[in-house]
Amino acid sequence: MLFMMIVKASKNSEAGELPSNDLMEAMTKYNEELVKAGIRVYSKGLHPSSNGVRISYPKSGEKPLVSNGPFTESNDLIAGFILIDVKSREEAIEWALRMPDPQGHGEGQIDLRQVF
């Protein structure tokens, strides 16, 4: 079963601030554990939304709108993701719970979603 751990953005990640060295080491160790367990499929961090583009479809059948970042709804933005292949939803939750606070400032939030 494929699951995506979606790391939500924060004010710090949107400001382009890099995590502390301690957090970088903890995340590297966590990713190594995922690889060693044979469940990590892919993992990447994302640039802040100031480098992003949003395509929206406000009216059905009409041309989509293109908006350049930054986007102000930081609680709806994504800072990175990890795609894992596990045997069950429970196993995915267990691995998500092992992730260090991905923002390192008590701002971390992870959404866990199963992939079709």
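Structure shown above.
Residues numbered from 1 in each chain as written. Predicted model: local features only at pLDDT ≥ 70, side-chain atom pairs only at ≥ 80, totals over all residues. Heavy atoms only, no water.

Student: Explain the pattern of salt bridges here, please?
Tutor: Pairs may arise between side chains of opposite charge once their charged atoms sit close together. Applying the stated criterion across every chain, the model contains 2 salt bridges. For the salt bridge of D111 with K8, the shortest nitrogen-to-oxygen distance reads 3.3 Å. On the criterion of sequence distance, the pair formed by D111 in strand β6 (residues 110–114) and K8 in strand β1 (residues 2–8) is long-range, its members being 103 residues apart. The exposure class of K8 is buried, given its relative accessible area of 11%. For R98, the salt bridge is made with E33, and the minimal N-O distance between the two is 3.1 Å. (Salt bridge = Lys/Arg side-chain N within 4 Å of Asp/Glu carboxyl O. Helix = DSSP H or I, 4+ residues; strand = E, 2+ residues; numbered from the N terminus. Buried < 20%, exposed > 50% of the residue type's maximum accessible area, 1.4 Å probe, protein only.)

Student: Looking at this structure, how should I read the sheet that holds β6?
Tutor: Note: strands within a sheet are paired through backbone hydrogen bonds, in either parallel or antiparallel orientation. If you walk across this open sheet you meet the 4 strands as β2-β5-β1-β6, and the pairing is antiparallel. The sheet terminates laterally at β2 (40–45) and β6, the two strands that pair on one side only. In this sheet, adjacent strand axes meet at a mean angle of 15° when their direction is disregarded. (Pairing = 2+ DSSP bridges. Axes fitted to C-alpha atoms, helices over the stretch in contact; angles between N-to-C directions.)

Student: When you look at helix α2 (residues 21–36) in this model, what are you seeing that I'm missing?
Tutor: When the terminal C-alpha atoms of α2 are compared, their 22 Å separation across 16 residues agrees well with the 22 Å that a helix rising 1.5 Å per residue should span. Taken together, the buried positions of α2 are L23, M27, Y30, N31 and L34. One face of α2 carries all of its buried residues, which in axial projection span an arc of 95°. In α2, the exposed residues that point more than 90 degrees away from the buried face are N21, D22, E25, K29, E32 and K36. In this structure, the buried side of α2 is in contact with β1, β2, β5 (78–85) and α3 (89–98). Positive backbone phi, at 75°, marks G38, one or two positions downstream of α2. (Expected span 1.5 Å × (residues − 1). Arc of directions from axis to C-beta. Contact = heavy atoms within 4.5 Å.)

Student: Quick question: what am I supposed to make of the packing of aromatic side chains here?
Tutor: In this description, an aromatic ring pair is defined by two values, namely the gap between the centres and the angle between the planes. With the rule as written, the count across this model stands at 2 aromatic pairs. A ring pair is formed by Y30 and W95, whose centres lie 6.5 Å apart and whose planes are at 55°; its orientation type is tilted. Taken together, the residues Y30 in helix α2 and W95 in helix α3 connect sequence positions 65 residues apart. Neither residue differs from the other here; Y30 and W95 are each classed as buried. Note that R54 overlies the ring of F71, its terminal NZ or CZ placed 4.0 Å from the centroid. (Phe/Tyr/Trp six-rings, centres within 6.5 Å; stacked < 30°, edge-to-face > 60°. Lys NZ or Arg CZ within 6 Å of the ring centre and 35° of its normal.)

Student: Would you explain unusual backbone geometry in this entry?
Tutor: The bulk of non-glycine residues show a negative phi, and the bulk of peptide bonds are trans. Put simply, G69 and P70 share a cis peptide bond, and its omega is 10°. If you trace the backbone, P70 turns up in the loop between β4 (65–68) and β5.

Don't take any of this as a statement about function, it's just geometry.
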